[in-house]
Amino acid sequence: MSDTFHLGLPFLEAAQAQKHVTVNEALRRLDALLHLSVASRTLASPPANPEDGVRYIVAAGAEDGWAGHEGEVAALIDGGWIFFAPKAGWRAHDEADNALLLHDGEGWSPLPDSAGVAGASGASTRLTLVEGEHEVGTGASSDTSFVIPDRAIVFGVTGVVTEAITGAASWRLGVADDPARYGNTIGVSPGSTVVGPSGTPLAYYGATALRVTAEGSDFTGGKVRLAIHCIELTGPEW
C-alpha cells in the first residue's frame, strides 16, 4: 500500500530518493484537509483568479477543470487543482453560508443549528430555539411574523420588552386559542421579562404565531423580543 487509508497521504518507500518530495506532498494534503473550511459549495467550475490554498466543494454539474468531481473537495495547491473524495463523517465549514456541513457517505448537508440526536436512518430529535423581535403596533392584539414550527413540542416561551409598550397597562402572551398561555399581567417598561413554561410539553399541529394581547387599554406602540423553546422531530428516511 502506497497511501494511507483515509486521507490518501503518500508513504515513504524504502531506499526512496528525494524523500522530501513525498513528505511535502503529504504535508500539503494535511494542510488542505485538516480543519477543513471551504470558500463555497455552489460553484460547478473553477473561479477566475483563485488564491493558492483556497478550497471548494464542487457543486453538481461540474465542468471545465472540475468535471467529474462533483461533491469532492477541490484545493488549489501550487497553482493546480487537487481533488479529495470525502468519506462518511467528514465535516467542513462553508464560509459563504457560515454553515457546518457533514458528509454522510453520499453527499454533503448542513448540520442543524440546534442540539439534538440523530439516528442512522435520518430520524432526529432536535432542541430548537425560535427567536424574533415583535413590534406591538396599535390595537388590542397582534400576532408575530415568526411562528412555532409545525408539529413542534413547546416547553415554553420567554420574552423581554425592548422598547416601552404604550397604551396598555400590561399584556398577555399566548396564542390565538389561549392568549394567556405563556403569561399575563406582564410589565410594559423596557427590561420587563416573561418566562412562560408550558406546564406540560405542548404539541402544535400546524405553524402557529404567538399572540401579544393588551390589558387595560389597546396598544399604541412598543417592541418585545420573544423566544420559543421547543423540540422538533424528524422521521427516518425512506
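Refer to the structure presented above.
Residues numbered from 1 in each chain as written. Predicted model: local features only at pLDDT ≥ 70, side-chain atom pairs only at ≥ 80, totals over all residues. Heavy atoms only, no water.

(A) Representation of the sheet that holds strand 15 (residues 208-215). Strand order in the open sheet made by the 4 strands is 10-15-12-13, with antiparallel pairing throughout. At either margin of the open sheet sits one strand with a lone partner, and together these are strand 10 (141-148) and strand 13 (178-186). Ignoring which end each strand starts from, the neighbouring axes of this sheet average 25° apart. Alignment of strand 12 (residues 170-175) against strand 15, held across 5 bridges, turns out to be antiparallel. By the bridge assignment, Gly-174 is partnered in strand 15 with Arg-211. (Pairing = 2+ DSSP bridges. Helix = DSSP H or I, 4+ residues; strand = E, 2+ residues; numbered from the N terminus. Axes fitted to C-alpha atoms, helices over the stretch in contact; angles between N-to-C directions.)

(B) The arrangement of the pattern of salt bridges in detail. Under the criterion given, the structure shown has 7 salt bridges. Close ionic contact of Asp-143 with Arg-211 constitutes a salt bridge, the shortest N to O distance being 2.7 Å. One end of the pair, Asp-143, is in strand 10; the other, Arg-211, is in strand 15, with 68 residues separating them in the sequence. In this structure, Glu-215 engages Arg-172 in a salt bridge whose closest nitrogen and oxygen atoms are separated by 3.5 Å. Taken together, the residues span a long stretch of sequence, with Glu-215 in strand 15 and Arg-172 in strand 12 at a distance of 43 residues. Bridged by salt links that share partners, the residues Asp-177, Asp-178 and Arg-181 form one connected network. (Salt bridge = Lys/Arg side-chain N within 4 Å of Asp/Glu carboxyl O.)

(C) Region of the structure containing the sheet that holds strand 3 (residues 73-77). One open sheet holds the 3 strands; their spatial order is 2-3-4, and the pairing between them is antiparallel. At either end of the open sheet lies a strand with only one pairing partner, and these are strand 2 (55-57) and strand 4 (80-84). Averaged over all pairs of adjacent strands, the angle between their axes in this sheet comes to 25°, without regard to strand direction. Across 5 bridges, the pairing between strand 3 and strand 4 is antiparallel. From the neighbouring strand, Ile-77 faces strand 4, where its bridge partner is Gly-80.

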